[in-house]
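Next come the chains, spelled out residue by residue.
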Amino acid sequence: MPIYSTLRSLTRLFSYRFISRLINSLPDKVNHKKMIHSVKSRRIALYVHIPYCLEPVCRFCCFVRYPLRSDSDLISYARALVNEIDWYSSNLENASVGSIYFGGGTPTVNISLLGELIDVLRSYFGMVPITVESNPRTLINGGLDQLKLLKINRLSIGIQSFQDWKLKRMGRYSLPIEENKKIIREALGKFDTVNIDLVWGIPGENERSVIYDVVTAFNLGVDQATFYPIMPPPMKSKVMPDYVSLPISRELKLYRTLLSTVLSYDYRPDTPWCMSKMSNSQQLIDEYITEYYDFIGIGVSSIGKIRDYVYVDTFSPEKYVKMIKKRGYSVSRSMKLNKIDSDLFDIDSSLFGLNIRKPISIKSFTSFLLWSLAQLMFFSLSRLINVRENANILYALHLVQKTLYSGMNALREIGIKHKI
Ligand code: SF4
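Predicted model, so just to flag it, every value in this text is computed and none were measured.

Summing up its helical and strand segments, the chain has 13 helices and 14 strands in all. Counting across all 420 residues of the chain, residues that qualify as buried make up 45%. Taking the contacts inside the chain whose residues are at least 6 apart along the sequence as the reference set, 76% of them involve residues at least 24 apart.

What follows is the structure, given as structure tokens:
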């Protein structure tokens, strides 16, 4: 286990340094407009954040989401989003947008408004593949058919678990499990890819409960299932008092169980967490960062990255609306990464996407050496073993990503608390 704990400590160090630098950076210190212009003809992804969910919101969730208490909040937020999309479309010049991702919160909390946003985006960027995250509670009463009419490509449904005790322990308010299954069956075939999100590693989780969720998902015939480890940030213990982070040896055991169950079906990992049906090879996945080095974040708490430039938008919807009125975009913190950090970001995105051959333009000599070494190891290893089926390697990649995302969750907590 020492290799894993060293890897986790190094990633933690990198992550905390990154978060504290970003939090302490000045708003728009780097000229945002100039950086967006510099995208030129690069291929980028767009992320759009909808920070509202139906009440009650889930206790375990670390995203920036607020209970939807009035439609007027959502309408004024959506208006501001249209203006921000407008601002980016006129400043992105010749960039080619390869993918659009709606995350949240719950983007399907109002499907008519979502449709209007999609129309605006398509009028600027054409028929780009679109992913939409959803909560099953918003898909009943014709919601699925409304989404089908919008011609989105990938629908991701947050199920979290097929076991009542897990949902209860996570503080997740859910439709009855049989109703969730019915929604999944109805969604299949309506979209190119139907993904379901599931969570593992919560207190009380054991091998049997991991297997139960995997088997139930695959027996339903989903195109894809993403198994997220629970990633509570430091202050989450206040709302999840019984949460105790699993020791590495225990987590590795659960991951091994998860992977071996996955591999006994017709599914294979696209990332350590995202398992796709082998017969459906052209899948979009949640982690668009593994496909694109450059991405633009639009809306509350969104993170964007253009080469070595990183920014995060404000965490407060009220502040967001005001900022958009004032200047057309809502950057709250921004900074330039040094060469090594920027390289590490790209290397991580390539490794997590199990895509070692993805071209990377390495900027520092140290990372050039590290990357060459990693490639050499991967190529020699891949002659001996199939990386996609090796729990030890996938677990190491999982550990790095989980640590990085826990850092992002800490950033979100600070952002919400201090209304950054
Ligand atoms: S898990 Fe999904 S539905 Fe629940 S609060 Fe988070 S974003 Fe909202």
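On we go from here.
On to helix α11 (residues 339-352), then. Between its first and last C-alpha, α11 extends 20 Å over 14 residues, near the 20 Å set by a 1.5 Å rise per residue. Turning to α11, its buried residues are S342, D343, L344, D346, S349, S350, L351 and F352. Immediately beyond the C-terminal end of α11, within one or two residues, lies L354, with a positive phi of roughly 50 degrees.

Let us now look at the site of the ligand. Looking at the ligand, the residues that line it are C53, V57, C58, C61, F63, R65, G104, G105, T106, N135 and G158. Split into classes, the residues belonging to the shell around the ligand amount to five nonpolar, five polar and one charged.

Turning our eyes to something else, we now look at the packing of helix α8 (residues 207-219) against helix α9 (residues 248-263). For the pair α8 and α9, interaxial distance at closest approach is 9 Å and the crossing angle is 30 degrees. It follows that α8 is roughly parallel to α9 by the angle criterion. Seen along the crossing, α8 lies across α9 with a hand that is right-handed. Listed contacts from α9 to E207, V210, I211, V214 and V215 of α8 are L254, T257, L258, T261 and V262. Tallied by class, residues from the contact of α8 with α9 come to seven nonpolar, two polar and one charged.

Here helix α1 (residues 2-24) crosses helix α13 (residues 391-417) at 30 degrees, and the two axes come no closer than 9 Å. Taken together, the axis directions place α1 and α13 in an arrangement best described as roughly parallel. The chirality of how α1 crosses α13 is right-handed. On α13, the residues touching Y4, L7, R8, T11, R12, S15, Y16, F18, I19, L22 and I23 of α1 are A396, L399, V400, T403, L404, G407, A410, L411 and I414.

With that settled, the discussion passes to the pairing of strand β10 (residues 274-277). Where strand β8 (residues 224-229) lies against β10, three bridges are found, and the strand directions are antiparallel. In the strand pairing of β10, A225 is matched with M275. With three bridges joining them, strand β9 (residues 267-269) and β10 adopt antiparallel strand pairing. Looking across to β10, one finds that P269 is bridged to M275.

With seven of its seven residues buried, strand β6 (residues 154-160) lies for the most part within the structure. The alternating pattern of β6 places R154, S156, G158 and Q160 on one face and L155, I157 and I159 on the opposite face, and all of these are buried. The pairing of strand β5 (residues 130-134) with β6 spans four bridges and is classified as parallel. By the bridge assignment for β6, T131 is matched with R154.

On to the confidence of the model for the chain, then. Of the residues in the chain, 89% reach a pLDDT of 70 or more, and the chain-wide mean stands at 88. Within the chain, the element-level pLDDT minimum falls on helix α12 (residues 365-384), averaging 68, and the maximum on α8, averaging 98.

So, about helix α7 (residues 177-187). Considered for burial, the residues of α7 that qualify are N180, I183, I184 and A187. Take α7 and look down its axis: the buried residues cluster within an arc of 100 degrees, on one side only. Summarising the contacts, the buried residues of α7 are in contact with α5 (143-149), β6 and β7 (193-200). Just downstream of α7, G189 is the residue with a positive phi angle, here 90 degrees.

Our focus in this paragraph is unusual backbone geometry. Residue P56 is reached from E55 by a cis peptide bond, and omega for that bond is -10 degrees. With respect to the element layout, P56 can be found in the loop between β2 (52-53) and β3 (66-67). Here the amide bond leading from G104 into G105 is cis, since omega sits at 25 degrees, within 30 degrees of zero. On the secondary structure map, G105 appears in the loop between β4 (96-104) and α4 (111-125). Here Q160, not a glycine, exhibits a phi torsion of approximately 75 degrees, which is positive. The residue Q160 is located in strand β6 in this model. On the basis of neighbour count, Q160 is assigned to the buried category, with 26 C-beta atoms found within 10 Å. A positive phi angle, close to 50 degrees, is found at R307, a residue other than glycine. Looking at the element boundaries, R307 is found in the loop between β12 (303-306) and β13 (309-313).

Once that is clear, we can look at the environment of P317. In this fold, P317 is placed in helix α10 (residues 317-327). Assessed through the 21 C-beta atoms surrounding it within 10 Å, P317 is described here as buried. Taking the C-alpha atoms as reference points, P317 and L74, separated by 243 residues in sequence, lie 9.3 Å from one another. Beyond its immediate stretch of four places on either side in the chain, P317 contacts P51, Y66, D73, Y77 and V300.

Take the environment of C61 next. Along the polypeptide, C61 turns up in the loop between β2 and β3. Put simply, C61 and P232 are 171 residues apart on the chain and 7.8 Å apart in space, counted from C-alpha to C-alpha.

A word on the environment of Q224. Within the secondary structure, Q224 is located in strand β8. Taking the C-alpha atoms as reference points, Q224 and I196, separated by 28 residues in sequence, lie 6.6 Å from one another.

What counts and how
Residues numbered from 1 in each chain as written. Predicted model: local features only at pLDDT ≥ 70, side-chain atom pairs only at ≥ 80, totals over all residues. Helix = DSSP H or I, 4+ residues; strand = E, 2+ residues; numbered from the N terminus. Buried ≥ 20, exposed ≤ 12 C-beta atoms within 10 Å, placed from the backbone. Contact = placed C-beta atoms within 7 Å. Expected span 1.5 Å × (residues − 1). Near = placed C-beta within 6 Å. Nonpolar A, V, L, I, M, F, W, Y, C, P; charged D, E, K, R; others polar. Axes fitted to C-alpha atoms, helices over the stretch in contact; angles between N-to-C directions. Parallel < 35°, antiparallel > 145°, perpendicular 65-115°, else oblique. Left-handed = near helix turned anticlockwise from the far one by under 90°. Pairing = 2+ DSSP bridges. pLDDT = per-residue confidence, 0-100. Arc of directions from axis to C-beta.

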